Each structure stands twice: as structure tokens, then as C-alpha cells.
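Architecture and fold: a report
Chain by chain, the residues run as shown.
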Amino acid sequence: MASVETVQGPVDASELGVTLAHEHVRFRDEAVAAQWPQRYDEQDEFTAALAAVAAAKTCGVQSIVDPTAMFGGRDVHFMRRVAEQSGVKLIACTGIYSYDYLPHYFANRDVDAMAEHFIADIRDGIQGTDIKAAFLKCAADAAGVTENVEKIHRAVARASLATGAPIMAHSMPAVATGPRQVEIFKEEGVDMARVQIAHCGDTDDLAYIESLIEHGVYVGLDRYGLEVFLSIDRRNATAAELLRRGHAERLMISQDFCASIDWYPPEFAEVAEAGGMVRNWSMTLVFDEVVPALREAGAMDDAAFHTVFVENPARWLTA
Ligand SMILES: [Zn+2]
């Protein structure tokens, strides 16, 4: 099997083992963090990241795909510290996480210039290190595929074509961004086996999810615990049916957990749990509740578990 770049260096894809396809060791606004660093406690963030990753490791997790891109505070120095102390392989990306906004820097440069930045992260390394990006990230959300979002998607697609790196696209099923995202990648000539459409599990509209799978892309059932978008029970019913219909080879199951996140004041965490917006959101929820429920429902045997958590991430990363 081909090798995969991790923050600890390249490894053979067969060494990735049980892999969580979508988690964040830290998520924060890099502009705010750069301007008001005293508002952040890096030691607390590190402790939270290490605790989350160590907990996942006790569930057998050997590798974690962390799609934190520009605007999510990507920091491969931080990621490498977490990876080295936990012994879990972390896989970093390049790309831009924006629902529309682009800084003037990229607004006034064309798609190919943007793609060159991504390509450099993949070929040369990220943030002055020798840590290379293993995949590309872009996003479309409530605003839909805006002009700026389309530009990022095309740059990501061209960087994928130039390097062979796979793509993960954040999507929003509630406004059906997935089909247009796939269409853009196809227009650019990207191999659909390299594409993962994240957050498809936020809907239980099976026809919508299957319409994406038909293109040959991977779909992320990757926000377990974020009840605000869909409950664990309804996510499980969807996952079970997709497995029964023979789609195991296209599914990524994960939590999109952020070991720390600055989107809300600290006291909001309790409000969110009490208000039912999140439930047991963590880096272990899929092993604590989801896999047991899918096994109980007769939808996931050992072979399907191996397909989803071992083979799919490795196959996507080496497509
Ligand atoms: Zn995410």
C-alpha cells in the first residue's frame, strides 16, 4: 500500500489501523487567537486535546484524520505535540474552511494561485515544517456554494489533480450543497474515489445520501453527538440502513469532535448539553454507543467494522 503523511512523518497506509475520519484536536479562530492570545490558555487546550485523543486510543484508535484548515486555527506544531505524547498518528490537511469569506489576499489572486499554496503544503510541508498535508479541505454551508466557495473548491480540485491528494468537503445537507460540490469536482476532472463529502449524516434522507454515493464518493456520517443537526438514534437508523444496502465501502463514521473550540463562551458547553444540542459528544462516542447499537441492530459485523474504520480511511487517503 502507498504511504500516508502524518504529523509524525510518512507511514505505510497499512499501519494506520483503526482510524477516526473527522476530529479536531483544537478549533479556534486564528485571527482572534493571534490578536488576543491572552484570551486562550494553550496549556488547557493541549490538556483537552491529549485527553480526547488518549480516550480514543483506549478504544483502539491508532490514527485520527484532523481536517482543521485555514480559519480553523490549523497548527501542525500543536498537532505534533499531541501526536507524540499520545502515540496516536494525526493526519493534517491543507485548504480553506470558509462558508463564503475570502481575505483580499485570495480574493485578488486566481484559482491557480490559490491551488499553488495548497500544493506547497502537500509537497514541501506546512508552516515551515517538514510535516506534509495528506489531503485537501473545503467547505460549503448554509450560504450554499457561493462564488468564493466555488473558487476554493476549484483550487482544491486542481491541487488534488496536481498531487493526487484526496479531498474532504464539508457539506450541509439541509441546503443540499453536496450535488453541486460533486459537480464542481467532476468539472475539474477529479477522480470521485478521491472525494469525501463530509456531514452527510446530518440528514436521514437516504435518497439524498445515496444520490451522492452513486457518484462514487465517500460520505461522512461524522457528526455523532451533534444532536442540534440530527439525533444519535436517527443517525444510527440511517447508518444501519446504508450498511444493509451494501454501502459499507463508502461510509466514514466519526464525531467531528473539537477537543476545544472557541466559537462560544466557556459556559455555553453546559447550556448546549442541557439544551440537547449535543449529547455525549466526544472522541469515543462512536465506540461507546454507535458501534454497539449498529451491532445490536445486526447492521455491523466485524468485517463491516474493519471496512469502515480501517479500510475506508486508508483507501481514501491513498486513492
Ligand atoms: Zn470538522
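These lines cover the structure that appears in this document, whether it is placed above or below.

Definitions and cut-offs
- Residues numbered from 1 in each chain as written.
- Predicted model: local features only at pLDDT ≥ 70, side-chain atom pairs only at ≥ 80, totals over all residues.
- Heavy atoms only, no water.
- Helix = DSSP H or I, 4+ residues; strand = E, 2+ residues; numbered from the N terminus.
- Buried < 20%, exposed > 50% of the residue type's maximum accessible area, 1.4 Å probe, protein only.
- Contact = heavy atoms within 4.5 Å.
- Areas by Shrake-Rupley, 256 points an atom, 1.4 Å probe, with all protein chains shown as cover.
- Lys, Arg positive; Asp, Glu negative; His and termini not counted.
- Charge placed at Lys NZ, Arg CZ, Asp CG, Glu CD.
- Salt bridge = Lys/Arg side-chain N within 4 Å of Asp/Glu carboxyl O.
- Donors = N, O, S within 2.8 Å, 3.2 Å for Na, K, Ca; no water.
- Polar contact = N/O pair within 3.5 Å; in protein donor to acceptor, adjacent residues only side chain to side chain.
- Core = buried A, V, L, I, M, F, W, Y, C linked by side-chain atoms within 4.5 Å.
- Patch = residues over 30% accessible without salt bridge, like charges linked within 9 Å, V, L, I, M, F, W, Y side chains within 5 Å.
- Arc of directions from axis to C-beta.
- Phe/Tyr/Trp six-rings, centres within 6.5 Å; stacked < 30°, edge-to-face > 60°.
- Lys NZ or Arg CZ within 6 Å of the ring centre and 35° of its normal.
- Axes fitted to C-alpha atoms, helices over the stretch in contact; angles between N-to-C directions.
- Parallel < 35°, antiparallel > 145°, perpendicular 65-115°, else oblique.
- Left-handed = near helix turned anticlockwise from the far one by under 90°.
- Nonpolar A, V, L, I, M, F, W, Y, C, P; charged D, E, K, R; others polar.
- Pairing = 2+ DSSP bridges.

Secondary structure assignment for the chain yields 12 helices and 11 strands. Each principal axis of the C-alpha distribution contributes one length, and for the chain these read about 50 × 45 × 40 Å. By the burial criterion, 57% of the 319 residues in the chain qualify as buried. For the chain, restricting intrachain contacts to residue pairs at least 6 apart in sequence, the fraction spanning at least 24 positions comes to 77%. About 12,800 Å² of surface is accessible on the chain, with carbon and sulfur atoms providing 51% of the total. Between the centroid of the 27 positive side chains of the chain and the centroid of its 48 negative side chains there is a distance of 3 Å.

This part is about the pattern of salt bridges. This structure, assessed with the given rule, holds 25 salt bridges. Put simply, Arg 180 and Glu 150 hold a salt bridge, and the shortest N to O gap is 3.4 Å. One end of the pair, Arg 180, is in helix H7 (residues 178-187); the other, Glu 150, is in helix H6 (residues 147-163), and 30 residues separate them in sequence. Three or more residues are tied together by salt bridges with common partners; here these are Asp 112, Glu 150, Arg 154, Arg 158, Arg 180, Glu 183, Glu 187 and Glu 188.

This paragraph deals with the coordination of the zinc ion. Surrounding the zinc ion are the protein donor atoms His 22 (NE2), His 24 (NE2) and Asp 256 (OD), which sit 2.1 to 2.2 Å from the metal. Sequence positions of the residues that donate to the zinc ion give the spacing H-x1-H-x231-D. Of the two residues, His 22 is situated in the loop between strand E3 (19-20) and helix H1 (30-35) and Asp 256 in the loop between strand E11 (251-253) and helix H10 (268-274); the sequence distance between them amounts to 234 residues. The class of His 22 is buried, set by a relative accessible area of 1%. With relative accessibility at 7%, the residue Asp 256 sits in the buried group.

A few words now on the environment of Asp 302. As for its placement among the helices and strands, Asp 302 is situated in helix H12 (residues 302-317). Since its relative accessible area comes to 57%, Asp 302 is described here as exposed. Expressed as a C-alpha distance, the spacing of Asp 302 and Ala 259, which sit 43 residues apart in the sequence, is 29 Å. A distance of 2.8 Å separates polar atoms of two side chains, one belonging to Asp 302 and the other to Arg 295.

Core analysis: the biggest nonpolar cluster contains 81 residues, and Ile 64, Phe 185, Ile 197, Ile 253, Met 300 and Phe 309 have the highest contact counts within it. If we skip the residues at most four places from it in the chain, Ile 197 touches Ala 169, Ser 171, Gly 178, Gln 181, Val 182, Phe 185, Leu 212, Val 217, Tyr 218, Val 219 and Gly 220. Ranked by size, the runner-up nonpolar core spans 22 residues in total, among them Leu 16, Cys 93, Phe 135 and Trp 316.

Next up on the list: a nonpolar patch on the surface. A contiguous nonpolar surface patch, about 300 Å² in accessible area, is contributed by Ile 261, Trp 263 and Tyr 264. Along the chain, Tyr 264 falls in the loop between E11 and H10. On the accessibility criterion, Tyr 264 (43% relative accessible area) is partly exposed.

For the rest of this paragraph, the subject is H7. Where H7 is concerned, the buried positions are Gly 178, Gln 181, Val 182, Ile 184 and Phe 185. Each buried residue of H7 lies within a common arc of 160° when the element is viewed along its axis, so the set occupies one face. Gly 189 sits one or two positions beyond H7 and adopts a positive phi of about 90°.

This part covers the packing of aromatic side chains. Under the counting rule described, the total for this entry stands at 11 aromatic pairs. On the numbers, 5.5 Å between centres and 45° between planes, the contact of Phe 287 with Phe 309 is tilted. Taken together, the residues Phe 287 in helix H11 (residues 285-296) and Phe 309 in helix H12 connect sequence positions 22 residues apart. Judged by relative accessible area, Phe 287 falls into the buried class, the value being 13%. Pairwise contacts between aromatic rings join Phe 27, Tyr 97, Tyr 99 and Trp 263 into one cluster. Its end group placed over the ring of Phe 46, Arg 81 keeps NZ or CZ at 4.1 Å from the ring centre. Sitting over the ring of Tyr 218, Arg 250 keeps its end group 4.3 Å from the ring centre.

Looking now at the packing of H11 against H12. When two helices pack together, you describe them by how their axes are tilted relative to each other and by the distance separating the axes. Packing of H11 against H12 brings their axes to within 11 Å, and their N-to-C directions diverge by 135°. On the basis of the axis angle, H11 is oblique to H12. By crossing handedness, the relation of H11 to H12 is classed as right-handed. Where H11 abuts H12, its residues Val 286, Phe 287, Val 291 and Arg 295 lie against Asp 302, Phe 305 and Phe 309. Looking at side-chain class alone, the contact of H11 with H12 contains five nonpolar, no polar and two charged residues.

The next thing to look at is the sheet that holds strand E5 (residues 89-91). Reading across the sheet, the three strands line up as E3-E4-E5 and stay open at both edges, with parallel pairing between neighbours. A single partner strand is all that each edge strand has here, and the edge strands are E3 and E5. Here strand E4 (residues 63-65) pairs with E5 via three bridges, running parallel. From the neighbouring strand, Val 65 faces E5, where its bridge partner is Ile 91.

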